[in-house]
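For reference, the chains in residue letters:
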Amino acid sequence: MNLKDQISLDKLPNHVAIIMDGNGRWAKQQGLVRVIGHENGTKSVRQVVEASAELGIKNLTLYAFSTENWKRPKLEVQTLMKLLVKSLKKEIKTLQDNNIKLSAIGCLNDLPKKAHSELLEVIEKTKDNSRMTLTLALSYGSREELVNAIKQIATNVKNNIISVESIDESIINKHLYTQNLPDVDLLIRTSGEQRISNFLLWQIAYAELYFTDVLWPDFTKQDLYEALINYQNRERRFGKTSEQLS
Ligand code: IPE
Ligand code: IPE
Ligand code: MG
């Protein structure tokens, strides 16, 4: 039986998030410059977006650029931003044809004007699509997101809009970039690194973590299927006992 057929379509994660890592090392292994790795990484993006939509996953979130990634060499940052614009222009048709809604989380105002406006345009054009929500994390940092949320909530308390007692998890959720997304069920990180790197700290509270040594530009639909099968063979107990679940 091939991998795809081993996936139970009634037990799919509702929200898959991916830390797409290893582009630089992929390029280095072949004696190429890092940016070639990023270029090839866009092919993997296409693969996972297609595969996720085909299977019926409702939410896919991709970590494309972190708040910390601004510290990289200027040329690499510029190339990544250009690549973003190029990919958005190229993929808009695929998104429309496949009824996929594009969304973005992060400090989008920090993006170069061109990238920001292109992004907003694709978000606007795809806003009524309903098969899957594809969220790009761009200039995203989880701690920044939480700091912003706390500031907004504190301001609301100061202005007597809400009381301290009324602050609960749902209020915090409503002030995050991810307010319209469910919690992450499955978090995948490629390239062998086993860390979170400031991604969705609040939202992964009960996510299943899956690490693979595959470098992002080598990641294919088959690799996603493997991750999903692995996920489906786990028992998610959410604090309960195994007996309580059955
Ligand atoms: C992930 O690949 C892409 C971004 C962080 C933008 P890297 O560029 O981090 O690749 P490695 O980790 O150096 O191999
Ligand atoms: C995390 O990868 C960010 C993205 C994949 C966009 P990094 O390569 O920036 O993470 P660290 O620095 O290895 O933790
Ligand atoms: Mg990296």
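Per chain, the residues get numbers from 1 upward, laid out in the order the sequence is written. Labels follow written order: the first chain is A, the first ligand is 1, and so on. This being a predicted model, a pLDDT of at least 70 is required before a residue's local features are given, and a value of 80 or more before pairs of side-chain atoms are given or counted; all residues contribute to the totals for chains, interfaces and linings. For side-chain calculations, the full set of non-hydrogen atoms in the structure is used, while hydrogens and water are omitted.

Regarding the site of ligand 1
Residue proximity to a molecule or strand is established when one non-hydrogen atom of the residue lies within 4 Å of it. All residues in the neighbourhood of ligand 1 are listed as Met20, Asp21, Gly22, Asn23, Gly24, Arg25, Arg34, His38, Ala64, Asn69, Arg72 and Leu80. Between ligand 1 and Asn23, the relevant distance is 3.1 Å, taken from an oxygen atom to a main-chain nitrogen or oxygen of the residue. Polar contacts here mean pairs of N or O atoms no more than 3.5 Å apart (in protein, one a potential hydrogen donor and the other a potential acceptor; neighbouring residues in sequence count only if both atoms are side-chain atoms). At a separation of 2.7 Å, an oxygen atom of ligand 1 approaches a polar backbone atom of Arg25. Within the complex, 87% of the 380 Å² of free accessible area of ligand 1 lies under protein. Placement of ligand 1 is best described as lying within the largest pocket. Contributing elements (two or more residues each) for the shell around ligand 1: helix H1 (23-29) and helix H2 (34-55). The way it works is that DSSP assigns letters per residue, a run of H or I at least four long becomes a helix, a run of E at least two long becomes a strand, and they are numbered from the N terminus. The leading source of residues in the shell around ligand 1 is H1, at three residues. Residue composition of the shell around ligand 1, grouped by class: three nonpolar, five polar and four charged. For the area figures, the Shrake-Rupley method with a 1.4 Å probe applies, and any residue is considered shielded solely by the protein chains shown. Only protein atoms enter the 1 Å grid used here, on which a cavity is any set of points holding a 1.4 Å probe that cannot leave and a pocket is any open set flanked by protein within 12 Å on both sides along at least five of seven lines; residues with an atom within 4 Å of a point are listed as lining. Cavities and pockets are treated as containing a molecule whenever more than half of the molecule's atoms lie within 2 Å of their grid points. Asp, Glu, Lys and Arg are counted as charged, while Ala, Val, Leu, Ile, Met, Phe, Trp, Tyr, Cys and Pro are counted as nonpolar; the rest, among them Gly, fall into the polar class.

Some words on empty space enclosed by the protein
Grid points are joined across faces, edges and corners, and a volume is the space filled by probe spheres set on the points. Evaluated as defined, the whole model comprises one cavity of 30 Å³ or more. Taken together, Asn173, Thr178, Leu181, Pro182, Asp183 and Gln203 make up the lining of the largest cavity. Of the residues in the lining of the largest cavity, the class split is two nonpolar, three polar and one charged.

Overview of the site of ligand 2
Around ligand 2, the neighbouring residues are Ile19, Met20, Asp21, Tyr63, Ala64, Phe65, Asn69, Arg72, Arg189, Arg195 and Ser197. Asn69 places a polar side-chain atom, nitrogen or oxygen, 2.9 Å from an oxygen atom of ligand 2. For ligand 2, an oxygen atom lies 2.6 Å from a polar atom in the side chain of Ser197. Starting from 390 Å² of accessible surface for ligand 2 in isolation, the protein chains cover 78%. At a threshold of 2 Å from the grid points, most atoms of ligand 2 map onto the largest pocket.

Points about helix H5 (residues 142-158)
Because each turn of an α-helix spans 3.6 residues, side chains separated by three or four positions end up pointing in the same direction. Multiply 1.5 Å by the residue count of a helix minus one, and that product is the helix's expected span. With 17 residues, H5 extends 24 Å between its outermost C-alpha atoms, agreeing within 8% with the 24 Å of an ideal straight helix rising 1.5 Å per residue. Relative accessibility thresholds used throughout: buried, under 20% of the residue-type maximum; exposed, over 50%; partly exposed, between the two (1.4 Å probe, protein chains only). Taken together, the buried positions of H5 are Ser142, Glu145, Ala149 and Ile153. Mapping the buried residues of H5 onto a view down its axis gives an arc of 60°, with all of them on the same face. Turned more than 90 degrees from where H5 packs its buried face, Arg143, Ile150, Lys151 and Lys158 sit exposed. For this analysis, residues touch if any pair of their heavy atoms sits within 4.5 Å. Contacts made by the buried residues of H5 are with strand E4 (132-140) and helix H6 (169-174). The reported arc concerns the directions from the helix axis to the C-beta atoms and nothing else.

Read these as geometric descriptors, not functional statements.
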